[in-house]
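Reading the structure
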Amino acid sequence: MVVRDIKPLSSPRRSSPSMVKTPEKEDVVSIAKLKSQGASKRDTSFEVVFRQPEKKVTKLQELRVGVRAPGLDDTSWRRLSRGKVRVDAKLDLHGYVVQEAFENLLEFLHRARVRNWKCIEVVTGRGSGPSSGLIRRELPMWLQRQEIRPMILAVVHPHAANHGSVRILLRTKKH
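The structure presented is a predicted model; accordingly, all values stated were derived computationally and were not measured. (Residues numbered from 1 in each chain as written. Predicted model: local features only at pLDDT ≥ 70, side-chain atom pairs only at ≥ 80, totals over all residues. Heavy atoms only, no water.)

So, the pattern of salt bridges
As a reminder of what qualifies: The term salt bridge refers to a side-chain nitrogen of Lys or Arg lying within 4 Å of a carboxyl oxygen of Asp or Glu. Secondary structure elements follow DSSP: runs of H or I no shorter than four residues count as helices, runs of E no shorter than two count as strands, and numbering proceeds from the N terminus. The buried label goes to any residue with under 20% of its type's maximum accessible area, the exposed label to any with over 50%, and the partly exposed label to all in between, with areas taken from a 1.4 Å probe on protein chains only.
Under the criterion given, the structure shown has four salt bridges. The partner of E107 in a salt bridge is R111, and the shortest N-O contact between them spans 3.6 Å. On the criterion of helical spacing, the pair formed by E107 and R111 is a turn pair, its members being four residues apart in helix α3 (residues 98–115). We note a salt bridge from R145 to E147, for which the minimum N-O separation is 3.0 Å. For E147, a relative accessible area of 33% corresponds to the partly exposed category.

So, in structure tokens, the structure goes:
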């Protein structure tokens, strides 16, 4: 009774050629198997071929410090950029060699993911000379790496005047 007045938007006769499904190779093979097996008109058995849907490969947009990433709502972005999001843990990379700093960051991010932390702070230090501050300059590139980028929603500097630390908003696991 509820659906009796519903009419289709377009009739099947007017469907465009792109909407008409052409049998794929696997379908044709299945039909050929049935014919070769001598399936009669009264035979109700048939073969069903299931295909796995193709996985879409989504490329994450480049992550930049202080720039809002797509997929982050206005309220969360404002709270993060103004320093209103509670920091769950802090990692201080002062005094580390670049390779050790990267290894510590990677371990820290995996620990954050396991514990389902929402926001972390990474202190790199500003550096005091022209050749110092390597960790601070390398950090944005580390965050772009294939094993790290899917964990991160956004990155900001907690203080506009001090670029020696960043706050990272992490993707949380859905339960």
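After that view of the structure, there is still more to cover.
Digging into the sheet that holds strand β3 (residues 152–156)
Cut-off, in case you're wondering: Any two strands are treated as partners once DSSP identifies two or more bridges connecting them. Interaxial angles span 0 to 180 degrees and are taken between N-to-C directions of axes, which are lines fitted to C-alpha atoms, for helices over the stretch in contact. Residue contacts are defined here by distance: any two heavy atoms, one from each residue, within 4.5 Å place the two residues in contact.
The strand order across the open sheet built from four strands is β1-β2-β4-β3, with neighbouring strands paired in mixed fashion. Here the strands that pair on one side only, and so sit at the sheet edges, are β1 (89–92) and β3. Averaged over all adjacent pairs, the angle separating strand axes in this sheet is 20 degrees, with direction ignored. Two elements, β1 and strand β2 (residues 119–123), share four bridges in a ladder whose sense is parallel. Across the sheet, A89 pairs through a bridge with I120, a residue of β2. Sheet contacts for helix α2 (residues 74–81): β2, β3 and β4 (165–170); angle to β3, the most-contacted strand, approximately 40 degrees.

Some points on unusual backbone geometry
Most peptide bonds take the trans form, and the phi angle of most residues other than glycine is negative. Phi is positive for N116, which is not a glycine, with a value near 60 degrees. In this structure, N116 sits in the loop between α3 and β2. With a relative accessible area of 28%, N116 lands in the partly exposed category.

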